[in-house]
Amino acid sequence: MLSVEETAIPAVKIITPKKHGDHRGFFSEVYKQSDMAAAGIDLVFVQDNHSLSAQVGTLRGLHFQSAPFAQDKLVRVARGRILDVAVDLRASSPSFGQHVAVELSVENWRQLLVPVGFAHGFVTLEPDTEVLYKVTAPYGPANDHGLAFDDPALGIDWRLPHDQLVLSDKDRKHPRLADLPRYFD
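Residues numbered from 1 in each chain as written. Predicted model: local features only at pLDDT ≥ 70, side-chain atom pairs only at ≥ 80, totals over all residues. Heavy atoms only, no water.

Participant: Give a detailed account of the sheet that holds strand β6 (residues 59-65), specifying residues and quantitative values.
Facilitator: Taken together, five strands build an open sheet; the order of strands is β9-β8-β11-β6-β13 and the sheet is antiparallel. The sheet is open, and its two edges are formed by β9 (99-105) and β13 (144-146), each paired on a single side. Adjacent strand axes in the sheet meet at a mean angle of 25 degrees when their direction is disregarded. In this sheet, β13 lies alongside β6 in antiparallel orientation, the contact comprising three bridges. Bridge pairing in β13 links phenylalanine 64 to histidine 145. (Pairing = 2+ DSSP bridges. Helix = DSSP H or I, 4+ residues; strand = E, 2+ residues; numbered from the N terminus. Axes fitted to C-alpha atoms, helices over the stretch in contact; angles between N-to-C directions.)

The following block contains the structure:
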């Protein structure tokens, strides 16, 4: 059993699995293919990724892969809290260049489904945050791309001042949307 909510960009969905709790703790089927298919989401995930970010303000993104390694992602938090962001890179989409930002935490138990054609990134809002995500294609180094997290055209509010964000050197050098080649129609 799961709940599926549309976001401001309908292709991006919030998925909340049912959580059964008692005095011992809880149990949850965080991913069940048949429940997803019944909700109209029929994806085949081929890889699970797990990241730990020690510091508040760790920003990972904005990342995406181009064909033939383009990925749908199902993102959840196992510990801590993040602001998860998906930016529409589909050139023919009416929401091209727009984004969705959703808070995911171990408390709210939400997951974000980020489809192919979107750049994805998140910032940690608590220390020692662990993020897990399933993907529908393996990592392809030659198809790994990024988008500038601080592009003013995107207008993303990361909830923290930029001088408090912790980024990799690679993530500081991604191009702005206006300079990005067309990867998705």
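Participant: Tell me what's going on with the pattern of salt bridges, and back it up with residues and numbers.
Facilitator: Under the defined criterion, the tally for this structure stands at 11 salt bridges. The residue arginine 79 makes a salt bridge to glutamate 130 at a minimum N-O spacing of 2.8 Å. Of this pair, arginine 79 sits in strand β7 (residues 73-79) while glutamate 130 sits in strand β12 (residues 129-135), and the two are 51 residues apart along the sequence. Note that glutamate 103 is salt-bridged to arginine 159, the shortest N-O span being 2.5 Å. Of this pair, glutamate 103 sits in strand β9 while arginine 159 sits in the loop between β13 and α2 (169-172), and the two are 56 residues apart along the sequence. On the accessibility criterion, glutamate 103 (23% relative accessible area) is partly exposed. We classify arginine 159 as partly exposed; its relative accessible area is 44%. What you see here is one network of salt bridges that share partners, running through Arg81, Glu103, Glu126 and Arg159. (Salt bridge = Lys/Arg side-chain N within 4 Å of Asp/Glu carboxyl O. Buried < 20%, exposed > 50% of the residue type's maximum accessible area, 1.4 Å probe, protein only.)

Participant: Could you give an account of the sheet that holds β7, with specific residues and numbers?
Facilitator: Sheets are built from strands paired through backbone hydrogen bonds, the pairs being either parallel or antiparallel. In spatial order, the strands read β1-β2-β10-β7-β12-β5; together these six strands make up an open sheet with antiparallel pairing. Two strands close off the open sheet at either side, each with one partner strand: β1 (2-6) and β5 (47-53). Along the sheet, successive strands turn relative to each other by an average axial angle of 25 degrees, direction set aside. As defined by bridge partners, β1 adjoins strand β2 (residues 13-17) across five bridges and the pair is classed as antiparallel. Residue pairing in the sheet places valine 4 in a bridge with isoleucine 15 of β2.

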